[in-house]
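The chain contents come next:
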Amino acid sequence: MANCDFIISGARVIDGSGGNSRHVEVAVERERIVDIGDCSHWRADAHIDASGMVLAPGFVDAHTHDDLELLKSPLVTCKLSQGVTSVIAGNCGISLAPLAAVGEMPPPFPLLGETREFQFPTVEPYRNKLKASPASINLALLAGHSSLRLGTMPDRLEQAADAEAIGLMQEALRLALQQGCIGLSTGLDYPPAEAASTDEVVQLAGVLREFDDAVYATHMRDEGDHVIEAVAETLEIGARAQVPTIISHHKCAGTNNYGRSRETLQMIDRARAAGQPVGFDVYPYTASSTSLLPQFVRGAASVLVAESEPHPECNGRMLDRIAADWRCSLDEACERLYPAAAIYFEMDDDDLERIMAHPAAMIGSDGIASMQTPHPRLWGTFPRVLGHYVREKKLFQLETAVHKMSALPARRFALRDRGSITIGNYADLVLFDPDTIIDRATFEQPKQTSTGIVSVWVNGKLSWHEGAATGARNGQFLTH
Ligand SMILES: [Zn+2]
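Reading the values: rules and limits
Residues numbered from 1 in each chain as written. Predicted model: local features only at pLDDT ≥ 70, side-chain atom pairs only at ≥ 80, totals over all residues. Heavy atoms only, no water. Core = buried A, V, L, I, M, F, W, Y, C linked by side-chain atoms within 4.5 Å. Buried < 20%, exposed > 50% of the residue type's maximum accessible area, 1.4 Å probe, protein only. Domains from an automatic or database assignment. Contact = heavy atoms within 4.5 Å. Pairing = 2+ DSSP bridges. Helix = DSSP H or I, 4+ residues; strand = E, 2+ residues; numbered from the N terminus. Axes fitted to C-alpha atoms, helices over the stretch in contact; angles between N-to-C directions.

Caption draft 1: Representation of the nonpolar core within the structure. Counting residues in hydrophobic clusters, the biggest one holds 101 residues, and the most contacted among them are F59, Y126, L139 and F432. Domain assignment of the residues forming this core places at least three in each of domain 1 (2-56 + 424-469) and domain 2 (57-286 + 347-412). Residues within four places of L139 in sequence aside, it is in contact with D66, D67, L70, V87, A89, Y126, L130, Q476, F477 and L478. Counting residues in hydrophobic clusters, the runner-up holds 21 residues, among them L292, V305, C314 and W326.

Caption draft 2: Representation of the sheet that holds strand β6 (residues 42-49) in the model. One open sheet holds the 4 strands; their spatial order is β5-β4-β1-β6, and the pairing between them is mixed. Both outer strands of the open sheet, β5 (32-37) and β6, are each paired with one neighbouring strand and no more. Averaged over all adjacent pairs, the angle separating strand axes in this sheet is 30°, with direction ignored.

Caption draft 3: Representation of the sheet that holds strand β16 (residues 278-282) in the model. Taken in spatial order, the 8 strands line up as β8-β9-β12-β13-β14-β15-β16-β20 in an open sheet, and their pairing is parallel. A single partner strand is all that each edge strand has here, and the edge strands are β8 (59-61) and β20 (361-363). Within the sheet, the average angular offset between the axes of one strand and its neighbour, ignoring direction, is 30°. Direction of pairing for strand β13 (residues 183-187) relative to strand β14 (residues 215-219): parallel, over a ladder of 5 bridges. Opposite G187, over in β14, you have H219 as the bridge partner. Of the strands in this sheet, β15 (245-247) and β16 touch helix α9 (residues 261-273), which is tilted by about 145° from β16.

Caption draft 4: Spotlight on helix α7 (residues 198-207). Here α7 lies mainly inside the structure; 7 of its 10 residues are buried. Restricting attention to buried positions, one finds in α7 the residues E200, V201, V202, L204, A205, G206 and V207. The inward-facing, buried residues of α7 contact α5 (145-152), α6 (163-178), β13, β14 and α8 (227-241).

Here it is, written out as structure tokens:
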């Protein structure tokens, strides 16, 4: 008889593949899954009775800004409490590393951290810091294009990079990939990268080809009136650079653009049918959240000011009411409130459901932990998909939902030996109650744990149990 640490029995096991669930036992020894099926020939230190529960691979949050959060709040309760065991960080062009920043930072950098917190000129010291002080969950990092720009050409952000600057950014990106980054992200809709040409991005993304499985993830140049052109540009960049491409938090924003996900998904389908590796992530809400900027206000049905540095008395108020009180335009109100963050109600339910149900859709939260009043997606994304969209709305099956949160992102981002309940894989696992799981975070009360997540194991260690973190910090920095 062989020994193992624990056996989970009685659960309905959803392995992440998208296939049907099975009632099998799962045995874990140290940090790996060592058996699945009838595990009676193992001598286990502990037996866990999971009758009535679902056992799934720990969720992979495909889109996060948790670079700093893992260092500052290593229990990462907002994610661990949802069953998330790995996060993809460094998204939307703004990664904490590589960047040693000085002076005032352009939006959206302040959403990620303060200037003094960008203290990692290369990825290695960031990785070492996480290693010395691990978090409760795993993290894989994308190198941000805007971070590379700010580090390379801080005085010329409003221009396209010239050949020399592109060369320097390529070198910095190459080093970041050598030091463990899994790809490149861009945020072409934001001031530090708006001026970047398509060619600039193609030349940078071309570096990814030198590394196996490196990916290009993009917050596209436009998610509103020009979303079609933006998808076309993204597909062009992926095709010319010949790299796997991920459209971040895919949406069609603005009342003008309701329904246009039919077109964007068709474009993506055509590219995929032609053999281009393209995927996307999505969060399960019809409101977005980012810096308060006039360009994002136009087109939104309504805008909630989440927090303003100069006018904290306006936190939690609607922008149009503030502008009316001040007898000024929305643009001027934005200017007076800045630096500020906002929540934009700007999407259509049908688009959201169509995007989420697409076979290439992964679930990503896009939450921003530094905000006082964050978008509820930070705490609620995964239980909301499982409880609201699967159980209540029956948008797709539980097996499909788990696939979008585990094996699909693990494959897309090439996270080795993760994302499915398979013998030999890391024991990143979540046990939840399919009948009660639901998010509780709301726009008014966003910092709330969900209901129904029973236990979470990260690399074989019980890290969340019955409503609280165990204190285990067994997360790893994931590389290819
Ligand atoms: Zn973004």
